[in-house]
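Structural overview for review
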Amino acid sequence: MNLILFGPPAAGKGTQAKRLVDGRGMVQLSTGDMLRAAIASGSELGERVKGIIQRGDLVSDEIVIALIEERLPEAESAGGAIFDGFPRTVAQAEALDAMLKARGGQIDVVVRLKVNETELLERIAKRFADQGRPDDNPESYAVRLKAYNDQTAPLLPYYQTQGKLVEVDGMGAMDAVAAEIDQALKHA
Ligand code: AMP
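About the criteria used
Residues numbered from 1 in each chain as written. Predicted model: local features only at pLDDT ≥ 70, side-chain atom pairs only at ≥ 80, totals over all residues. Heavy atoms only, no water. Pairing = 2+ DSSP bridges. Helix = DSSP H or I, 4+ residues; strand = E, 2+ residues; numbered from the N terminus. Axes fitted to C-alpha atoms, helices over the stretch in contact; angles between N-to-C directions. Contact = heavy atoms within 4.5 Å. Core = buried A, V, L, I, M, F, W, Y, C linked by side-chain atoms within 4.5 Å. Buried < 20%, exposed > 50% of the residue type's maximum accessible area, 1.4 Å probe, protein only.

Another point: the sheet that holds strand E4 (residues 109-114). The five strands are arranged E2-E3-E1-E4-E5 in an open sheet whose pairing can be described as parallel. Across the chains shown, the open sheet's two edge strands, defined by having one partner strand only, are strand E2 (27-30) and strand E5 (165-169). Neighbouring strand axes in the sheet, compared pairwise and without regard to direction, differ in orientation by 25° on average. Inspection of the sheet shows E2 paired to strand E3 (residues 81-84) by four bridges, in the parallel sense. Residue pairing in the sheet places Leu29 in a bridge with Phe83 of E3. Sitting on the sheet, helix H1 (residues 13-24) is in contact with strand E1 (3-6), E2, E3 and E4, with an inclination near 170° to E3.

Here it is as structure tokens:
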């Protein structure tokens with residue numbers, strides 16, 4: 001099964017992805033984690049994306065599509081992928097569909113974690129204080145949220161018309177959200 005965890009930054013996608021990895025042996029494909037690893041390693045790619053990420057802008061479709069493509073065989077062997085933070089644009093979603101189709105696969109379900117903006121701002125302030133991730137600062141987060149609203153939210157109708165979209169209340173405690181996701185996946 002291939003699943004997309006969908007939602008704005010700080011909606012809880014990473015947390016829920018890790019739980020699904022532990023519970024189901026699926027592979028988490030987080031483009032944000034891959035890009036942060038590239039920055040940490042000091043690679044040429046890392047140097048190229050560092051400033052963009054720090055500002056809160058999206059990196060190019062070409063870069064993230066290539067990162068995902070590289071990891072698809074591993075996800076297939078594991079029995080499925082959890083896409084976390086990808087796709088973020090319509091071009092990425094179309095490329096993902098094409099890559100999966102070429103390998104005889106597809107996206108089975110898109111789980112949207114719904115969290116209101118007040119709660120998101122509270123979570124991000126706490127995460128910034130706890131972890132100090134550079135792009136969690138208030139200015140960068142505002143840019144990230146705008147990128148989500150302008151470029152990523154338009155994917156919702158894309159998946160809804162395909163009948164793949166399931167909405168989950170992401171406002172509750174982690175375990176309550178997890179239980180709702182499990183319920184949604186039973187019907188996927
Ligand atoms: P995330 O950890 O998913 O919030 O990603 C952190 C940052 O990495 C984002 O704010 C973007 O700058 C970049 N990024 C991650 N995934 C993507 C993507 N699918 N498309 C474009 N940029 C991305």
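Here the focus is the nonpolar core. Ranked by size, the top nonpolar core spans 34 residues in total, and within it Ile4, Leu29, Leu35, Ile68, Phe83 and Leu96 carry the most contacts. The set of elements that each furnish at least two residues to this core consists of E1, E2, helix H2 (31-41), helix H3 (44-55), helix H4 (61-78), E3, helix H5 (90-102) and helix H8 (155-160). Here this core gets seven residues from one element, more than from any other, and that element is H4. What Leu29 contacts, discounting residues up to four positions off in sequence, is Met34, Ile68, Arg71, Leu72, Ala75, Ala81, Ile82, Phe83 and Asp84. One finds Leu3, Ile82, Leu113 and Val115 within the second-largest nonpolar core, a separate group that totals 20 residues.

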